[in-house]
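As a plain string of letters, each chain reads:
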Amino acid sequence: MTEGTGRPDARDDGPEGPAAPLRDLEDEPSADFAERVQNRIHRREAAAHVTDLSSGGFLLVLVEFIGMIAGLFGGPNKTEGGSH
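It should be emphasised that the depicted structure is a prediction, and the values quoted were computed from it without experimental measurement. (Residues numbered from 1 in each chain as written. Predicted model: local features only at pLDDT ≥ 70, side-chain atom pairs only at ≥ 80, totals over all residues. Heavy atoms only, no water.)

Caption draft 1: How the structure looks around the overall build of the protein chain. Assigned secondary structure in the protein chain consists of one helix and zero strands. Classification of the 84 residues of the protein chain by burial places 4% in the buried group. For the protein chain, the accessible area works out to roughly 8200 Å², and carbon and sulfur atoms hold 60% of it. (Helix = DSSP H or I, 4+ residues; strand = E, 2+ residues; numbered from the N terminus. Buried < 20%, exposed > 50% of the residue type's maximum accessible area, 1.4 Å probe, protein only. Areas by Shrake-Rupley, 256 points an atom, 1.4 Å probe, with all protein chains shown as cover.)

Right, dumping it as structure tokens:
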């Protein structure tokens, strides 16, 4: 036992410690477990990408809209072919 904690120390358990019965309960996951986990991860990543693209697109439209409004009120005039 560890001094002062009242809990058994992992080094003192030995082969007959409290976790010994759990060694026999080892169970393999089902065959499609990894595929299901990967599908869930891909769905979450796709949702994150859609959210990112939609928010980025919204901000881009907002910046263009603000630029149009600034142009209506005498903002800088951009002409093709260079400066005059």
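The discussion continues.
Caption draft 2: Region of the structure containing the pattern of salt bridges. Under the counting rule described, the total for this entry stands at one salt bridge. Notably, a salt bridge pairs R36 with D32, separated by 3.9 Å at the nearest N-O pair. Given a relative accessible area of 35%, D32 falls into the partly exposed group. (Salt bridge = Lys/Arg side-chain N within 4 Å of Asp/Glu carboxyl O.)

Caption draft 3: Expanded view of helix α1 (residues 33–72). Given a rise of 1.5 Å per residue, 40 residues ought to cover 58 Å, and the 59 Å separating the end C-alpha atoms of α1 matches this to within 8%. Once α1 finishes, G74 follows within two positions and takes phi at roughly 85°, a positive value. (Expected span 1.5 Å × (residues − 1).)

Caption draft 4: Broad picture of a nonpolar patch on the surface. A cluster of nonpolar residues, F58, L59, L62, F65, I66, M68, I69, L72 and F73, forms a patch on the protein surface that exposes about 1000 Å² of accessible area. Judged by relative accessible area, M68 falls into the exposed class, the value being 54%. (Patch = residues over 30% accessible without salt bridge, like charges linked within 9 Å, V, L, I, M, F, W, Y side chains within 5 Å.)

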